[in-house]
Amino acid sequence: MEETRLSMSMPTHSVDPHSTKNDGEGRWSTRRIAIYALFVALAIVASFIEFPIFPAAPYLKYDPSGIVSLIAGFAFGPMAAVLVSILSWIPHMFADPLGSIMAIVVALGLSVPASLLYRRFHSRIGALYGILLGAGCALIIALLGNLVITPLYANISAGQVIAMILPILLPFNLLKLAIHGVVTFIIYKPISMLVKR
């Protein structure tokens, strides 16, 4: 009788640490690692797709890797946003370390606040406000980062960088973040549903 009672109280299944089932927000699984790797790979490819979007400064290039970081953050939370934002720029570190550091901190400023807010308010409105919050943080980081990194990168003075903010740096970054935000808002939901199936 005692043996029967004990067997009835024991769980009838065990947790397989190598399970590919994605059961929880913080749970690592083979499937989740594979999806993170896919997002990182997509972001790396996207980081190499560069083209000018601001005619007044054609040397400033847009790349869509921030969109991948945002979607990863919306789908799997801020840790995914951190991993994708950092790892996607590692291949650029050897050729362009300063530019890569700048790209990483701006991507983190965009995707991490956005994914934190979206995790708290998991709705279309939450996604919109998250994107706006992330864009605001990323814009501030981009402008401050330019004051520090651009003088080292382009061998110009901080005063020259300040003179570039209103006519060049501010509109370019606003346009870049607007593209990130609009595209992400349109496509994040179907992609999130697809990767979580």
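Residues numbered from 1 in each chain as written. Predicted model: local features only at pLDDT ≥ 70, side-chain atom pairs only at ≥ 80, totals over all residues. Heavy atoms only, no water.

## A closer look at the packing of aromatic side chains
Thought 1: Applying the stated criterion across every chain yields a total of seven aromatic pairs.
Thought 2: Aromatic pair Tyr-36 and Phe-76: ring centres 5.5 Å apart, planes at 70 degrees, arrangement edge-to-face. With Tyr-36 in helix H2 (residues 30-47) and Phe-76 in helix H3 (residues 65-76), this pair connects stretches of sequence that are 40 residues apart.
Thought 3: On the basis of relative accessible area, Tyr-36 is assigned to the buried category, the value being 8%.
Thought 4: Relative to Tyr-188, the ring of Phe-185 has its centre 6.4 Å away and its plane inclined at 40 degrees; by these criteria the two rings are tilted. (Phe/Tyr/Trp six-rings, centres within 6.5 Å; stacked < 30°, edge-to-face > 60°. Helix = DSSP H or I, 4+ residues; strand = E, 2+ residues; numbered from the N terminus. Buried < 20%, exposed > 50% of the residue type's maximum accessible area, 1.4 Å probe, protein only.)

## So, the environment of Pro-97
Thought 1: Structurally, Pro-97 can be placed in helix H5 (residues 97-120).
Thought 2: For the pair Pro-97 and Tyr-153, spaced 56 residues apart in the sequence, the C-alpha separation amounts to 9.7 Å.

## Side note on unusual backbone geometry
With glycine set apart, most residues show a phi of negative sign, and most peptide bonds adopt trans.
Thought 1: Despite not being glycine, Asn-155 shows a phi value in the positive range, around 60 degrees.
Thought 2: By secondary structure assignment, the location of Asn-155 is in the loop between helix H6 (124-154) and helix H7 (158-195).
Thought 3: For Asn-155, a relative accessible area of 72% gives the class exposed.

## A word on the confidence of the model for the chain
Thought 1: Of the residues in the chain, 86% reach a pLDDT of 70 or more, and the chain-wide mean stands at 87.
Thought 2: Under a pLDDT of 50 for its full length, residues 1-25 has, in the predicted model, 18 contacts with residues more than four places off or in other chains. (pLDDT = per-residue confidence, 0-100. Contact = heavy atoms within 4.5 Å.)

## Quick notes on a nonpolar patch on the surface
Thought 1: The grouping of Ile-125, Leu-128, Tyr-129 and Leu-132 at the surface amounts to a nonpolar patch, some 400 Å² of accessible area in total.
Thought 2: Of note, Ile-125 is situated in helix H6. (Patch = residues over 30% accessible without salt bridge, like charges linked within 9 Å, V, L, I, M, F, W, Y side chains within 5 Å. Areas by Shrake-Rupley, 256 points an atom, 1.4 Å probe, with all protein chains shown as cover. Salt bridge = Lys/Arg side-chain N within 4 Å of Asp/Glu carboxyl O.)

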